[in-house]
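One-letter residues, chain by chain:
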Amino acid sequence: MAEKSLAELQREVDAYISQFKEGYFSPLTMLARMSEEVGELAREVNHIYGEKPKKPDEADNSIELELGDILFITICFANSLGIDLTEAHDKVMHKFNTRDKDRWTKKDTL
């Protein structure tokens, strides 16, 4: 499968959402949906890496699918507010590479 840029992902999600009269949810609703998805991810991580096993009748989900759900709602959120996620990513990386550059111990390079 070919790699997609963030801009391509944003266009793909927008094309999907744009086919429905309802369009994007309000920012408050999207934040609630994002919180729900993060909770579902937490549950999966707890089942796999924590002390809480799944119930025998509990549906099979995966960390991959939960992360995909979070990515989808993040893209929806950004699209609805006119945010370019590539620009947002670049700003965050600039912050990490400047303000936080000495926060953690770097590995030795050969």
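The notes below deal with the structure included here. All of these numbers come straight from a predicted model, not from anything done at the bench.

We now examine the overall build of the chain. The helix and strand tally for the chain stands at 4 helices and 0 strands. For 110 residues, the compact-globule estimate of 2.2 N^0.38 gives 13 Å, and the C-alpha radius of gyration of the chain, at 18 Å, exceeds that figure by more than 25%. Across its three principal directions, the C-alpha atoms of the chain cover 50 × 40 × 35 Å. Contacts in the chain between residues at least 24 apart in sequence constitute 62% of all its contacts with a sequence separation of at least 6. In the form shown here, the chain has an accessible surface area of approximately 8900 Å², with 58% of it arising from carbon and sulfur atoms. Across the chain, 15 positive and 22 negative side-chain charges occur, with their mean positions spaced 6 Å apart.

So, on to the pattern of salt bridges. Within this structure, the stated rule accounts for 6 salt bridges. Two residues, Glu 12 and Lys 4, come together in a salt bridge whose shortest N-O distance is 2.8 Å. Look at Glu 12 and you get partly exposed, because its relative accessible area is 43%. Its salt-bridge partner being Asp 100, residue Arg 103 comes within 3.3 Å of it at the nearest N-O pair.

In this section: the side chain of Glu 66. Relative to the helices and strands, Glu 66 resides in helix H3 (residues 63-81). It turns out Glu 66 is buried and unbridged, and the closest side chain with the opposite charge, Lys 54, is 7.7 Å from it. Leave out the neighbours within four places in its chain, and Glu 66 touches Glu 37, Glu 40, Leu 41, Glu 44 and Asn 61.

The rules behind each value
Residues numbered from 1 in each chain as written. Predicted model: local features only at pLDDT ≥ 70, side-chain atom pairs only at ≥ 80, totals over all residues. Heavy atoms only, no water. Helix = DSSP H or I, 4+ residues; strand = E, 2+ residues; numbered from the N terminus. Rg over C-alpha atoms; globule rule 2.2 N^0.38 Å. Contact = heavy atoms within 4.5 Å. Areas by Shrake-Rupley, 256 points an atom, 1.4 Å probe, with all protein chains shown as cover. Lys, Arg positive; Asp, Glu negative; His and termini not counted. Charge placed at Lys NZ, Arg CZ, Asp CG, Glu CD. Salt bridge = Lys/Arg side-chain N within 4 Å of Asp/Glu carboxyl O. Buried < 20%, exposed > 50% of the residue type's maximum accessible area, 1.4 Å probe, protein only.

Such coordinate-based values are descriptive only and should not be taken to indicate function.
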